Amino acid sequence: MNLQAEIPLDYLVVLSTIVFFIGLMGVLIRRNLITMLMGIELMLNAVNINFVAFNHYLFPHRLEGHFFALIVMAIAAAEAAIAISLIINIYRQFATVSVDDVDELKH
Amino acid sequence: MDFSYTILILVLPFLIFLLIGSLGSRWRPHLSGLLGTSGLFIITVLAYVTAFNYFIHRTGEAYQAIEASQLTWLSFTDDLIIHLGILLDPLSVMMLVVITTVSLMVHIYSLGYMKGEAGFARYFAFLSFFTFSMLGLVVATNIFQMYIFWELVGLSSYLLIGFYYERPSAVAAAKKAFIVTRFADLGFLIGILILSFNTNTFDFARLTDQHGPVIAQPVTAMFMGLSVTTWAMLLIFMGGAGKSAMFPLHIWLPDAMEGPTPVSALIHAATMVVAGVYLVARLFPIYHFSSPGSLDVIAYVGSFTSLFAAVIACTQLDIKRVLAYSTLSQIGYMMVALGVSGYGNEAGLGYMASLFHLFTHAFFKALLFLGAGSVIHAVHNNLMTEMGGLRKYMPVTHITFLVACITIAGIPPFSGFFSKDEILVAAFEHNKIIFAVQWLVAGITAFYMFRLYFNIFWNSNPEYHHTPHESPSTMTIPLFILAVMSIFSGFVPFHELVTSDGRPLATEFHPMIAVPSVLIALAGIGLAAALYYRKNSRPETIAKSLKAFYTMAYRKFYVDEVYLFVTHKVVFQLISRPAAWFDRHIVDGTMNLIGNSTVSFSGAIKEMQSGEVQWYIWYFTSGVLLLALMILYLT
Amino acid sequence: MTGPKIIFFVLATAIVVFSILSIASRKILRAAIHLLFVLVAMAGLYYMMNFQFLAAVQLILYAGGIVVLIIFSILLTSQINSKLDPPKKSHLLSGAVTAVGGIVLATITILQFAFKPSQEPAISTNMRTVGRQLLGTDVYGYALPFEVISILLLAALVGSIFIARKNKI
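All values reported here derive from a predicted model rather than from experimental measurement. (Residues numbered from 1 in each chain as written. Chains lettered and ligands numbered in written order. Predicted model: local features only at pLDDT ≥ 70, side-chain atom pairs only at ≥ 80, totals over all residues. Heavy atoms only, no water.)

K.L.:
Explain the overall build of chain A here, please?
P.N.:
In terms of regular secondary structure, chain A is built from three helices and zero strands. Secondary structure elements in chain A, listed N-terminal to C-terminal, are α-α-α. A globule of 107 residues ought to have a C-alpha radius of gyration of about 13 Å, yet chain A, at 18 Å, is considerably larger. With the principal axes as the frame, chain A shows a C-alpha extent of 55 × 25 × 25 Å. Burial statistics for chain A: of 107 residues in total, 63% are counted as buried. (Helix = DSSP H or I, 4+ residues; strand = E, 2+ residues; numbered from the N terminus. Rg over C-alpha atoms; globule rule 2.2 N^0.38 Å. Buried < 20%, exposed > 50% of the residue type's maximum accessible area, 1.4 Å probe, protein only.)

K.L.:
I tried to follow the packing of aromatic side chains on my own but got confused; where do I start?
P.N.:
Any pair of aromatic rings gets described here by the distance separating the centres and the angle formed by the planes. Residues and elements named next belong to chain B. Taken as a whole and assessed by the stated rule, the structure comprises 52 aromatic pairs over all chains. On the numbers, 5.4 Å between centres and 70 degrees between planes, the contact of F163 with Y164 is edge-to-face. The pair F163 / Y164 is uniform in exposure class, with both members buried. Each residue in the set F401, F450, Y453, F454, F457, W458 and Y533 is aromatic and connected to the rest through ring pairs, giving one cluster. One residue, R282, lies across the ring of F204, its end atom 5.5 Å from the ring centre. Just above the ring of W458 sits the side chain of R391; from NZ or CZ to the centre is 3.9 Å. (Phe/Tyr/Trp six-rings, centres within 6.5 Å; stacked < 30°, edge-to-face > 60°. Lys NZ or Arg CZ within 6 Å of the ring centre and 35° of its normal.)

K.L.:
Please clarify how helix 15 (residues 319–339) of chain B should be interpreted in this entry.
P.N.:
Note that an α-helix has 3.6 residues per turn; residues three or four places apart therefore point the same way. All names here are of chain B. An ideal rise of 1.5 Å per residue puts 30 Å on 21 residues; helix 15 measures up with 30 Å between its terminal C-alpha atoms. When you tally the buried positions in helix 15, you get 21 out of 21 residues, the bulk of the element. The N-terminus of helix 15 is capped by D318, whose side-chain oxygen sits 3.0 Å from the backbone nitrogen of K320. (Expected span 1.5 Å × (residues − 1). Polar contact = N/O pair within 3.5 Å; in protein donor to acceptor, adjacent residues only side chain to side chain.)

K.L.:
I'm lost on the pairing of strand 1 (residues 66–75) of chain B in this one. Help?
P.N.:
Looking along a regular strand, one sees the side chains alternate between the two faces of the sheet. All names here are of chain B. Bridge count for strand 1 against strand 2 (residues 81–88) is eight bridges, and the pairing is antiparallel. Bridging across to strand 2, I66 finds its partner in L88. Connecting strand 1 to the antiparallel partner strand 2 that follows it, the hairpin turn spans five residues. (Pairing = 2+ DSSP bridges.)

K.L.:
Would you take a moment to explain empty space enclosed by the protein for this structure?
P.N.:
Over the atoms a probe the size of a water molecule is rolled, and this reveals where empty space is left. Residue and element names in this part refer to chain B. Scanning the entire structure with this criterion turns up four cavities of 30 Å³ or more. When its volume is computed, the largest cavity comes out at roughly 50 Å³. Around the largest cavity, the lining residues are A409, G410, F417, K420, D421, L424, A442, S517, V518 and A521. Of all the secondary-structure elements, those providing two or more residues to the lining of the largest cavity are helix 18 (415–430) and helix 22 (511–532). Counting residues per element, the lining of the largest cavity draws most heavily on helix 18, which supplies four residues. In terms of residue class, the lining of the largest cavity is made up of six nonpolar, two polar and two charged. (1 Å grid on protein atoms, 1.4 Å probe; cavity = no way out; pocket = protein on both sides within 12 Å on 5 of 7 lines; lining within 4 Å. Points joined across faces, edges and corners; volume = space filled by probe spheres on them. Nonpolar A, V, L, I, M, F, W, Y, C, P; charged D, E, K, R; others polar.)

K.L.:
Quick question: what am I supposed to make of the pattern of salt bridges here?
P.N.:
Pairing between side chains of opposite charge can happen when the charged atoms of each approach one another. The tally for this structure, following the rule as stated, stands at eleven salt bridges over all chains. In this structure, A:R62 engages A:E64 in a salt bridge whose closest nitrogen and oxygen atoms are separated by 2.6 Å. Note on A:E64: relative accessible area 39%, which makes it partly exposed. A single network of salt bridges, built from pairs that share partners, joins B:K176, B:D255, B:K556 and B:D560. (Salt bridge = Lys/Arg side-chain N within 4 Å of Asp/Glu carboxyl O.)

K.L.:
Teacher, can you tell me more about the environment of B:A442 here?
P.N.:
You can see B:A442 is positioned in helix 19 (residues 432–457). As a C-alpha pair, B:A442 and B:A409 span 33 residues in sequence and 6.9 Å in three-dimensional space.

K.L.:
Could you clarify how one ought to interpret the side chain of B:S92 in this entry?
P.N.:
Relative to the elements of secondary structure, B:S92 occurs in helix 3 (residues 90–113). Among all residues touching B:S92, those that are not within four sequence positions of it are B:L87, B:V138, B:V139, B:Y278 and B:R282. (Contact = heavy atoms within 4.5 Å.)

K.L.:
Teacher, can you tell me more about the interface of chain C and chain B here?
P.N.:
Taken residue by residue, the interface counts eleven residues in chain C and eleven residues in chain B. Taken over both partners, the interface formed by chain C and chain B buries close to 800 Å², and the fraction arising from carbon and sulfur atoms is 67%. Area buried by chain C at its contact with chain B is led by C:H91, C:T98 and C:L105, which between them contribute 60% of it. There are zero salt bridges connecting chain C and chain B. Across the chain C-chain B interface, the total number found is four residue pairs in polar contact (both at pLDDT 80 or more). Across the side of chain C that touches chain B, the residue classes tally to two nonpolar, eight polar and one charged. (Buried area = accessible area lost by both parts, 1.4 Å probe.)

K.L.:
Quick question: what am I supposed to make of the interface of chain C and chain A here?
P.N.:
Interfaces are often sized by the amount of accessible area the parts lose when they come together. Counting residues at the interface gives 84 residues for chain C, matched by 72 residues for chain A. Between chain C and chain A, the buried area comes to about 7300 Å², and carbon and sulfur atoms account for 77% of it. Summed over the shared surface of chain C and chain A, the number is one salt bridge. For A:D100, the salt bridge goes to C:K88, with nearest N and O atoms at 4.0 Å. Where chain C meets chain A, there are eleven residue pairs in polar contact (both at pLDDT 80 or more).

K.L.:
Help me understand the packing of helix 15 of chain B against helix 16 (residues 349–379) of chain B in this model?
P.N.:
A packed helix pair is summarised by two numbers, namely the angle formed by the two axes and the spacing between the axes. Residues and elements named next belong to chain B. Viewed as axis vectors pointing N to C, helix 15 and helix 16 meet at an angle of 175 degrees, and their least axial separation amounts to 9 Å. With respect to helix 16, the element helix 15 is oriented roughly antiparallel. Residues I319, K320, L323, A324, S326, T327, Q330, Y333, M334, A337 and L338 of helix 15 lie in contact with helix 16, whose contacting residues are G350, Y351, S354, H357, L358, H361, K365, L368, F369, A372, V375 and I376. By residue class, the composition of the contact of helix 15 with helix 16 is 14 nonpolar, seven polar and two charged. (Axes fitted to C-alpha atoms, helices over the stretch in contact; angles between N-to-C directions. Parallel < 35°, antiparallel > 145°, perpendicular 65-115°, else oblique.)

K.L.:
Explain a positive patch on the surface to me, please; I cannot follow it from the model alone.
P.N.:
Residue and element names in this part refer to chain C. On the surface, a cluster of positive charge is made up of R26, K27, R30 and K83. Its location among the elements puts R26 in the loop between helix 1 (3–24) and helix 2 (28–48). Using a relative accessible area of 38% as the deciding quantity, one classes R26 as partly exposed. (Patch = residues over 30% accessible without salt bridge, like charges linked within 9 Å, V, L, I, M, F, W, Y side chains within 5 Å. Areas by Shrake-Rupley, 256 points an atom, 1.4 Å probe, with all protein chains shown as cover. Lys, Arg positive; Asp, Glu negative; His and termini not counted. Charge placed at Lys NZ, Arg CZ, Asp CG, Glu CD.)

Pasting the structure below:
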């Protein structure tokens, strides 16, 4: 399927922007560590859409965006794994996963 | 003639000062005293050798000024160079002799007087330092070097007056001396600056050269009716008036008696206080040729001071205070003589007389002070009301003190007569009013000196705690030597040696002046004897009849109170207090404001590091967005 | 209105709606499931752009790996029953300002630039091509990132085990 004919590139880029900033707002608003992680995953996915869209529209004879997105996914998975283990550790240490309670590195 | 050994006269006391000052506390005190005294003996011998060599060889008609050493110390531009050197001319050689002799006598005397005191080594170190400074002052080749040593002399005076630093009165007296003379030195410095700015030189030889540029082509600038040169010379005289304690800058000298008595003998009788006279004498050609009006001012100031001090001395009870006021009076004589003097040959009689009186006065005043010290040492008291009849216990002191009193009263053939007579002759030829005042003061001098003498050695016979005994020989030998010099120094042919232009002066005997002066002196002595020879009630009746005047004289005419009033009410309230307020509130306030605002600002932004991760994220994302905005739309 | 257009708008709307729900939901499990829907919709978008392999990897990795991991951690930290706290007002305000501002800025900037779609012939995205390029060592080969990623995954593996181990006291 070739999306090039139907949808202009701008739509996809705007979509990606919106999802990115929604994810950012999720990171800023949420008080639970795990829901912050969900916001981060949203941001990473938005970036992936961007790469893939540019690849499909501007460089259809190449696969660079495709592979970049692949690598980003792999890294996102690794990072999520580490983040979860950190959250587990924090839960063991502080008995809470609220981000307001892990503020010991202050002035 | 090679006079390069004269540098030793300056260097040796300074080295001794450094030596005793740094190592004296580790030695036995006796050693510091011996070191200081022997050093001074060496330089006294050197000074006499220099004087002999100098005065024997006269090239041409006049004595020439010789620069024995010269060292370029600071050179700023081609014109502004400050040298340090040694100038030998009749005036400075005479002063060398006087200073070293009196200092040597004081050193020997102090070996006995200060024996057993704490700070013995410190005392001798300071004495050497003072000797060094005073010698440096008199051999200065230029006025700036003289100013440097002038300040050093002031410093050593401060150190020595405040020698008993645990006594608050001594500390206050030292402070007063230093502040008053420093205030006068302000005028001195401004005078030096004006003079050297207008004449482009500091050097004495060029400043006082009669045919040189300074005198031959005077500066014509005028300021407020007086020429600039006159202003400069008056300001320089202000400095001299401070050091020589002329009215109204005399207030420090009586209080300076808080120092040890040998110090009073050396500094406040014979050497430092005559620095002002020396200054005027050194710059005399400029005074005479370029600003004769200032010489009149000098004469009147000196005359008033001598009368003023003499009247006060008649009422004082502390024997050292009487001698201090006597010093003021005699220096007034010297200033008067300079003020009425002319220049060259017979007209320069006043100049010669002033320096002759300086010469003889140094010896007999030092003798008076050392004798008073001997008395104080025996009786442990300064007040003449608690003394009396000491002639039985202290014969040597008695005789030498009597010799000094006769000398100061001006009875021939002792030296005081000759020098005072020359002054009276010079005054008579110039200004009859000043002559009359000085003649009257001669009588008053004789009166109060013999009042002092009779009260100490005759009069009543009080009970002493322990019988006073004669002082040890280290104290009586200087008394003896100084008495001999007081008697015979009048026969020195001064008029051939130290005159205004270096040429010998012919003097003659004026019986019309000499006889009245001796008569009024004898009258003074007689009055003192009548009142004080034996204990009687006549002094009290006289004091009661002159009640108000007596009180005013006893209270030194309230000059100190006026000074205190001006200082406290005017200077402190109007100047110091606002300045302190400004310093505390505005200067410190600004600094505190900067400090406090930094602290409060940091307190405000300290909250940014709250440990809450979400704020950190917000900070950098909003920062990135702002940066992007700026880059996209502002560049 | 052709088919792809409709499908695209449906998917896009789903993505936006579910991401907003994900970050706004009060129950944590609901938020995780909304995230799952977002990820699945994105896989649909990839499929529409002819990147089948990528769509499959997205489903497997994200939907089948990361969301499961998130749900595991929810269970491990015993929050499945508790309601999440509402966000603080200050955070809400600042987050909204930043997000809206960012969207506006980015959109304006993007729309000013005219993207010209390329006319080159599309490369086929079958497994053969993808595999060759993934392990290729020529100019367009991705062997190096592939190997580096494997080391990264090893590090992540070891690291997460180490961080989350139980320390014997």
